[in-house]
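Here is what each chain is made of, one letter per residue.
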Amino acid sequence: KTNVMFLKTHKTASSTVLNIMFRFAERYNLTVALPAGQLVHLGYPNTFLASFVEEFQAIGRNYNIMCNHLRFNPSEVQKVMATNTFYFSILRNPIPLLESSYVYYKDIVPAFRISKDVNEYLASPMKYYRPADYKQNIYARNIMSFDFGYDNNAEDDDKYVQAVLNEIEQNFHLILIADYFDESMILLKHALCWDLDDVVYFKLNTRSEDTVQTLTPESEEQIKVWCSLDWKLYLHFNQSFWRRIEELIGLEELEKEVNYLRTRQKELMETCLLNKEAVGKDHIKNKALLPFQSGAANILGYNLRQGLDNRTLRTCQKMVLPELQYTSYLYAVQHP
């Protein structure tokens, strides 16, 4: 399948998925719906409009891939993407997700900025969180629900949650789970009829361990309540994820394919990477490969080995290219 829309959610390993989508687009010479005016996202946090796509007036519904950040709005996305488009997204357990958001967006989210650390914030979120600052505070509560186009401050009411779940199931063919990333890639490969090399990846936009804040058991419980919309979303789609695996692949075959994926990934790491692993921002030699740094997070990147032949170098470069650099590179190719 070559017409694919990926709803890129925040802090869910979605930068790694974006890299997979961009490389696939290049490999098969596909057109990506890039943000108008060389922005990095499609109008986020505003609700998506077709006019947020570069040259939409001229290109119409001839885009193959859409995967930069946007706030989902099905009727507008359908103006850009073909009728046979495959829609998918990714969710993550809200407990590690909120801690990750806290560190990453510490400087720009009012609710995070004025609290000392993530546990202090969670001890009494309403002390710091003002719904009126909602545009800045979206990362502080139910961020996944917001990305899917819903009100992240909505009342947690069973009927409402059920309606949201039904609507997401109608709009999306597949929801992956970041906590099982390799399994997700195998499921995606099957759902899209892609090759193993189409879904092989290096982790992008991850941060160094020393910037992770340890949540107390009380904080973990509090997240389930404070982000209850996201929590219910996650529980529901985590179940349907494993159901899909059973139907489409089976657990035994899944394990085999996950091992192939990891072996292939290891081979590529040995071929491409100087340190065979990600390194901290201060150790990235080629500044063109430095990922965007945010908040108190030290976002890791890669050093490539010297002396690679041209073809291998191109493959390796694309696998480690951070999101912002890759987006502007594609922009230059598609809209010279």
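Residues numbered from 1 in each chain as written. Predicted model: local features only at pLDDT ≥ 70, side-chain atom pairs only at ≥ 80, totals over all residues. Heavy atoms only, no water.

Caption draft 1: Representation of the overall build of the protein chain within the structure. For the protein chain, the count of helices and strands is 17 helices and four strands. On C-alpha atoms alone, the protein chain measures out to a radius of gyration of 20 Å, which is about the 20 Å that the 2.2 N^0.38 rule sets for 336 residues. Taken along the three principal axes of its C-alpha coordinates, the protein chain extends 55 × 45 × 45 Å. Relative to its 336 residues, the protein chain shows a buried fraction of 55%. A separation threshold of at least 6 residues defines the contact pool for the protein chain, and within that pool the share at least 24 residues apart is 72%. (Helix = DSSP H or I, 4+ residues; strand = E, 2+ residues; numbered from the N terminus. Rg over C-alpha atoms; globule rule 2.2 N^0.38 Å. Buried < 20%, exposed > 50% of the residue type's maximum accessible area, 1.4 Å probe, protein only. Contact = heavy atoms within 4.5 Å.)

Caption draft 2: How the structure looks around the pattern of salt bridges. Per the counting criterion, the structure on display carries 16 salt bridges. With a shortest N-O distance of 3.8 Å, Asp 117 and Lys 116 are connected by a salt bridge. Among the residues examined, Lys 116 registers a relative accessible area of 61% and is labelled exposed. One salt-bridge network, in which partners are shared between bridges, spans Arg 27, Asp 195 and Asp 198. (Salt bridge = Lys/Arg side-chain N within 4 Å of Asp/Glu carboxyl O.)

Caption draft 3: The arrangement of the sheet that holds strand S4 (residues 174-177) in detail. Pairing is parallel across the open sheet formed by four strands, whose spatial order is S2-S1-S3-S4. A single partner strand is all that each edge strand has here, and the edge strands are strand S2 (65-66) and S4. As defined by bridge partners, strand S1 (residues 4-7) adjoins strand S3 (residues 86-91) across four bridges and the pair is classed as parallel. Bridge assignment links Leu 7 to a residue of S3, and that residue is Ser 89. (Pairing = 2+ DSSP bridges.)

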